[in-house]
Amino acid sequence: MTDDSEQTADDAGSTADDAISGLSRSDPLAAVSPLDGRYAGRTAPLSPYASEAALMRARTRVEVEYLLALGRLDATPIEFDEAAEAALRDLYEAFDAEDARLIKRLETEGAAGYEATNHDVKAVEYFLRVRLAEIAESGTDGGADAALDDAESLYPWIHFGLTSEDVNNLAHRLLVKPAVSEVIVPAVREVRDALVELAQEHRDAPMLARTHGQPATPTTFGKEMAVYAARLGRALGRVVVANEDLSGKLAGASGTYAAHRAAYPEVDWPAFAESFVRGLDLEHTALATQVNPCDDLAALFDALRGVNNVLLDLDLDAWLYVSDRYLGQETVEGETGSSTMPHKVNPIDFENSEGNLSKANSDLAFLADYVTTSRLQRDLSDSTVKRNVGAALAHCLIGYSKAEDGLGKVVPNEAVMREELDATPEVIGEAVQTILRREGDTEAYERVKALSRGRSVTLDDFRELFDELDVDEEVRGELKALTPADYTGFADALVDDIDE
C-alpha cells in the first residue's frame, strides 16, 4: 500500500463548499495553498512537471519504456515492431486528463473490472492493461497495432521484476529535470539579464558604499548590480550541473536484481538497467537499496538554495536602497501602496520575493536532509515528502518572478546618490592616506584618522590638511582633486567582468 491513498477532492465531503458557499473546489479562491490559489498564474508553468497527473504520466512512460526494453531482450518471448512501439509510446505521449482520472479511479474506487488497488503505481500497471485491451479490441486487422492484438499475453511483462520505487525514482527525476531546465533555469536567467541590464546602464553612477552599515569607499550602482549578476551566474551554473547529474536506479526490491536474475539468470541485468536508465537521459545509480539514495536530488536542492541565497541578499539590499531613496519605483496606475497612507509606493516585489525564497530554502533544506535517509533498505516516509518537491520549486519560481518584477520597476536616483556622496567627504580619507603612504609618510593613517574619525568634516577641512603637508605640489594637486563621486576605482570597467 502506498502512503497516500487518499480521498479525491470530489469524495472529500462538502464541508469546504458549505463553508464558502458557491465556490467550487477547483476555484483558485478555494485552494488550500496559495501556490494553486493566489499565485496560480505564476506557478502554472510547473504544472506539467509537479502535478499528480504529471507524475502519473511519468510513471506510465517508465512502465512503457521498460516493457519495450524487455521486448528487445533475446531472452524474453515478447517483441514489438516499430508500429507497436509507436502505439505503446502513444499511451504516455498522448496522455490526457481522462487517462489521469482512470488511474485515480483504479487506485481509489476500482474501474474496468479491477478492484481499487489502494496503490498508485499498481494503478498505473492496471491502466496499461486496460488501454492495451482497448487496442486489441479495436481490431487492427494487421495494421499498425497488430503486435498488440493479444493484450493478455503482455500483462505479465508490465512491471516485470520491478518494485514501485524503480518506477517512482525514475518518474520523479523525469519530472524534476525538465522542471528545472525548462522553467526554473530560464526564470533565474531572466533575473540575471535584468541585473546585467541595470549594471551596464548605470555602470558609472557613483554611489556611497556601506560596510558595517557605515559610509565606506564609494562604488557605482552598476558595479553593485554586476556583483549580483556574476554571483547569480555562478550559482546557476551549479544548478545546471546538478540537474544534469540526476541519477536513477532500476535494481528491484533490495537493489540486487534478485527477481530478474531468478527469472533469467543468463541476462546481464545490471548492464540492462544502466542502458535503460541512461536511455531516459539520466545517470545510473548502480549501488542502491530498494530506494535511490537521492544524493543527486540533495545536491540539486542545495544548488537551488545557493541561487536563492544570492537573490535573498539582493532583495535585502534593494529594499534598503529603496528605503534610502537610492532607488525610486515606477508607479502602477490604479495600484494602492498602503490602505491608509496614499503616498506610499512600497517595495512589495522584493519583500514578496524574500518571503517566497525564504520559504523555498526552508523546504529545500528539509527535502535535501530527508530524502537521503531511509530506515534499513526502505521505509515509506519519503514518498509523501517527495510530493512536495513541486511546492519548493513553486516558491522558487514565485521568488524569481517577483525579484524580476522589482528590478523592472526600480529607477536609480542618481541625484540622491550624489547628494549623499557630497555630504560624506570623509570617504576620501582612504585615498588620502594611501597616496601619502606612497610618498613615504609613516604617519599618513594617523593624520587622516585624527582629522576625520568620529567627526563631521568637509572637503575644505581636507584641503587645509593638504596645504600643511610637506609634499610636492604635484602630489598636493593630486590630493586636492579627490572627490567622493570620482573615487570609484575601476567600478565602471568591472561591469565588463560579468561572465556571459
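What counts, and where the lines are drawn
- Residues numbered from 1 in each chain as written.
- Predicted model: local features only at pLDDT ≥ 70, side-chain atom pairs only at ≥ 80, totals over all residues.
- Heavy atoms only, no water.
- pLDDT = per-residue confidence, 0-100.
- Contact = heavy atoms within 4.5 Å.
- Helix = DSSP H or I, 4+ residues; strand = E, 2+ residues; numbered from the N terminus.
- Phe/Tyr/Trp six-rings, centres within 6.5 Å; stacked < 30°, edge-to-face > 60°.
- Salt bridge = Lys/Arg side-chain N within 4 Å of Asp/Glu carboxyl O.
- Buried < 20%, exposed > 50% of the residue type's maximum accessible area, 1.4 Å probe, protein only.

The chain appears in an unreviewed UniProt entry as Adenylosuccinate lyase from Halorubrum trapanicum.

Engineer: Which residues make up the confidence of the model for the chain, and what are the values?
Structural biologist: Should the pLDDT be low somewhere, the predicted coordinates at that spot are not to be read in detail. Averaged over every residue, the pLDDT of the chain is 91; the share at 70 or more is 91%. Overall, residues 7–14 carries pLDDT values under 50, and its contacts beyond four positions in sequence, including any with other chains, amount to five contacts.

Engineer: Tell me about the environment of V240, and please be specific about residues and values.
Structural biologist: Looking at the secondary structure, you find V240 in helix 9 (residues 221–244). A sequence separation of 119 residues divides V240 from V121, and the C-alpha atoms of the two residues are 30 Å apart. If sequence neighbours within four positions are ignored, V240 has contacts with V185 and R189.

Engineer: I'd love a proper account of the packing of aromatic side chains, names of residues and values included.
Structural biologist: Summed over all chains, the structure comprises 13 aromatic pairs. On the basis of an interplanar angle of 40° and a centroid distance of 5.3 Å, the ring pair of F366 and Y370 is categorised as tilted. With F366 and Y370 both in helix 13 (residues 348–370) and four residues apart, the pair spans about one turn of that helix. Members of the aromatic cluster, connected to one another through ring pairs, are Y66, W269, F272 and F276.

Engineer: Can you tell me about the pattern of salt bridges, naming the residues and giving the values?
Structural biologist: Enumeration according to the criterion identifies 38 salt bridges in this entry. In this structure, E85 and R72 form a salt bridge, with 3.9 Å as the shortest nitrogen-oxygen distance. You can see E85 sitting in helix 5 (residues 82–93) and its partner R72 sitting in the loop between helix 4 (52–71) and helix 5, a full 13 residues away along the chain. Note on E85: relative accessible area 19%, which makes it buried. Its relative accessible area of 48% is what places R72 among the partly exposed residues. Note that D120 is salt-bridged to R387, the shortest N-O span being 2.6 Å.

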